[in-house]
Amino acid sequence: LKLQFLYLIAQRVQPQATPKADPMSEAAVQRPESTLLLCGGAAVVAAAVWIWKKRAPCDEDRYAVLECIRNRRSVWPANYDKDPSRAPVDPAVVRSLLDAALWGPFHGANYAGHEHPARFVVLGRRAMREMQALTLAYYDRHWREVREECTEEAYRAWRHRTAEEIDGRWGPCSYMIAIVARRKSGPKTVLPEWEEAAATAAAVENMHIQSTRFPELACYWSSWHAAARDSREMKDFLGMAAEDRCMGFFMVAQKAPAFAEAKGRRQRDRALMQVEWRTD
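Residues numbered from 1 in each chain as written. Predicted model: local features only at pLDDT ≥ 70, side-chain atom pairs only at ≥ 80, totals over all residues. Heavy atoms only, no water.

Trainee: Mind laying out the confidence of the model for the protein, listing which residues take part and the relevant values?
Mentor: In this model, the protein carries a mean pLDDT of 85, and residues with pLDDT of at least 70 account for 77%. Low pLDDT (under 50) marks residues 23–29, which in the prediction has four contacts with non-local residues, meaning those over four places away or in another chain. (pLDDT = per-residue confidence, 0-100. Contact = heavy atoms within 4.5 Å.)

If you want it as structure tokens, here you go:
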């Protein structure tokens, strides 16, 4: 319908056919009617497009998934911008993501004195390296306990790869944001742990959706290395309470130019999700 509407408008503004004349003749030079008609036609088409965009939404538009949700995606480290001369992500962008996290749902809002159960620790360059060094140090001390099936040779190979990732895989990151679910976010009432964890996950999803405002941004929620993530050493490093739970790290980097310009692939078939309707 949109194309038919624009076609009809274009037909109405086309100049009437006239006998061909010498384009360099005095008459042709002195009469700009064709130019005026073309400019007028372009203005009418532009106005029609504006009216089309401002029209009342049809049913298909009303039920469509919001674009920011469809554009949310995890960007893996392989697609980060590895140019060493690049500027880091602006801290104002990170604050925007954290402001979005604040709008996630949490039951504590119903209880006086409760704060959001999510707590975020924003790690910059030096702190990121310290956290990764802590991870390696933990496994150096406990790898036989947490990786019983692993031989020393296999562990040494894994450790070498993981150490290289500090400047390699994770090197392009501007920030790693530690995701902490606090067990007690208020002075009195202790809510069920699963509710606090769910509220924290919802806050992180808000961050991911907010990241679509910045097309160059690359974000990814890493669960990190489980044993080190859950260790007492990590709790101390992040300033966590004993019962708090680290849920991984939200990586913030910039997309590689080629990846940023690539066409999106956001398609989801309803068959991917099991839904049962009991409405009779």
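Now that the structure is up, let's keep going.
Trainee: Describe the packing of aromatic side chains, and please don't skip the residues or the numbers.
Mentor: If you walk through the whole model with that rule in mind, you get eight aromatic pairs. For the pair Trp170 and Tyr220, a centre-to-centre distance of 6.4 Å together with 10° between the ring planes defines the contact as stacked. With Trp170 in the loop between α8 (152–164) and β2 (175–181) and Tyr220 in strand β3 (residues 217–222), this residue pair connects regions lying 50 residues apart in the sequence. The pair Trp170 / Tyr220 is uniform in exposure class, with both members buried. (Phe/Tyr/Trp six-rings, centres within 6.5 Å; stacked < 30°, edge-to-face > 60°. Helix = DSSP H or I, 4+ residues; strand = E, 2+ residues; numbered from the N terminus. Buried < 20%, exposed > 50% of the residue type's maximum accessible area, 1.4 Å probe, protein only.)

Trainee: Describe the side chain of Asp81, with residues and values.
Mentor: Along the chain, Asp81 falls in the loop between α5 (67–70) and α6 (91–102). Buried within the structure, Asp81 lacks any salt-bridge partner; its nearest side chain of opposite charge belongs to Arg86, at an N-O separation of 5.3 Å. In terms of polar contacts, Asp81 uses its side chain to reach the backbone amide nitrogen of Asp83, at 3.0 Å. Sequence-distant contacts of Asp81, that is, excluding residues within four places in its chain, are made with Arg86, Pro172, Gln254, Lys255, Ala256 and Pro257. (Lys, Arg positive; Asp, Glu negative; His and termini not counted. Salt bridge = Lys/Arg side-chain N within 4 Å of Asp/Glu carboxyl O. Polar contact = N/O pair within 3.5 Å; in protein donor to acceptor, adjacent residues only side chain to side chain.)

Trainee: Please set out empty space enclosed by the protein residue by residue, giving values where relevant.
Mentor: All told, the structure shown has two cavities of 30 Å³ or more when counted by the stated rule. There is about 50 Å³ of room inside the largest cavity. Forming the boundary of the largest cavity are Gln132, Thr135, Leu136, Thr162, Glu165, Ile166, Trp170, Trp224 and His225. Among the elements that make up the lining of the largest cavity, the one with the highest residue count is helix α7 (residues 125–146) (three residues). Residue composition of the lining of the largest cavity, grouped by class: four nonpolar, four polar and one charged. Size it by volume and the second largest cavity reaches roughly 40 Å³. Every residue along the wall of the second largest cavity is listed here: Ala181, Arg182, Arg183, Glu193, Glu196, Ala197, Glu243, Asp244 and Arg245. Among the elements that make up the lining of the second largest cavity, the one with the highest residue count is helix α9 (residues 193–210) (three residues). When grouped by side-chain class, the residues that make up the lining of the second largest cavity number two nonpolar, no polar and seven charged. (1 Å grid on protein atoms, 1.4 Å probe; cavity = no way out; pocket = protein on both sides within 12 Å on 5 of 7 lines; lining within 4 Å. Points joined across faces, edges and corners; volume = space filled by probe spheres on them. Nonpolar A, V, L, I, M, F, W, Y, C, P; charged D, E, K, R; others polar.)

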